[in-house]
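Letter by letter, the chains look like this.
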Amino acid sequence: QLKKLNKFKKQRSNNRKMIIEKLKDSGKWNNQFSFIKPIKDLKPSWFGLPILVNKKHINVKKRFLKFLEKKRIETRPIISGNFLNQPCVKLYKLKRNKEKFISCQEIEDRGFFIGLPTKKISNKKLNFLVKNLLKIDEVN
């Protein structure tokens, strides 16, 4: 697999770009999401597409992720969310200072990611994904 690494990285990056462009080019695009941008001159290996729902959609995020799951679109949290909310913090009696980790909590509240395939995403799958992501406005 290491021999294929650069090819995989390039294809995942291309798939990420295609999904974001297709979302933003849609007539239903209304800035429902924002996307994490890489630091200048950094070429990340995109394992997944991290997505942040915009603040007006925070209240429907859980229902929206269940909707995506029913459509067979798998999602995952971005990393583990805010580490301070993990059970081990209480178990090991770690000191919690949430004021220092405001961004971590925002990522937990607003974020999720979808996996990026190592092969070119088909137009059919791309259209299906984008159509269902943009249904966040319809989730109540």
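The model shown is predicted, which means the values in this text are computed figures rather than measured ones.

### Notes on the layout of surface pockets
Here comes step 1: Counted as a void, the largest pocket has a volume near 440 Å³.
Here comes step 2: Taken together, 16 residues make up the lining of the largest pocket; nearest its centre are G115, P117, I121, K125 and L129.
Here comes step 3: Elements that contribute at least two residues to the lining of the largest pocket include exactly β3 (111-115) and α5 (123-133).
Here comes step 4: Broken down by element, the residue count for the lining of the largest pocket peaks at four residues, all from α5.
Here comes step 5: Across the lining of the largest pocket, the residue classes tally to eight nonpolar, one polar and seven charged.
Here comes step 6: Considering only enclosed or pocket space, the second largest pocket measures out at about 240 Å³ in volume.

### A word on the pattern of salt bridges
Here comes step 1: Under the counting rule described, the total for this entry stands at two salt bridges.
Here comes step 2: A salt bridge links R76 to E74, with the shortest nitrogen-to-oxygen separation between them at 3.1 Å.
Here comes step 3: Note that E106 is salt-bridged to R110, the shortest N-O span being 2.4 Å. Residue E106 and its partner R110 are both found in helix α4 (residues 102-110); the two are separated by four residues, about one turn of the helix.
Here comes step 4: Judged by its relative accessible area of 30%, E106 falls in the partly exposed class.
Here comes step 5: Among the residues examined, R110 registers a relative accessible area of 9% and is labelled buried.

Parameters at a glance
Residues numbered from 1 in each chain as written. Predicted model: local features only at pLDDT ≥ 70, side-chain atom pairs only at ≥ 80, totals over all residues. Heavy atoms only, no water. 1 Å grid on protein atoms, 1.4 Å probe; cavity = no way out; pocket = protein on both sides within 12 Å on 5 of 7 lines; lining within 4 Å. Points joined across faces, edges and corners; volume = space filled by probe spheres on them. Helix = DSSP H or I, 4+ residues; strand = E, 2+ residues; numbered from the N terminus. Nonpolar A, V, L, I, M, F, W, Y, C, P; charged D, E, K, R; others polar. Salt bridge = Lys/Arg side-chain N within 4 Å of Asp/Glu carboxyl O. Buried < 20%, exposed > 50% of the residue type's maximum accessible area, 1.4 Å probe, protein only.

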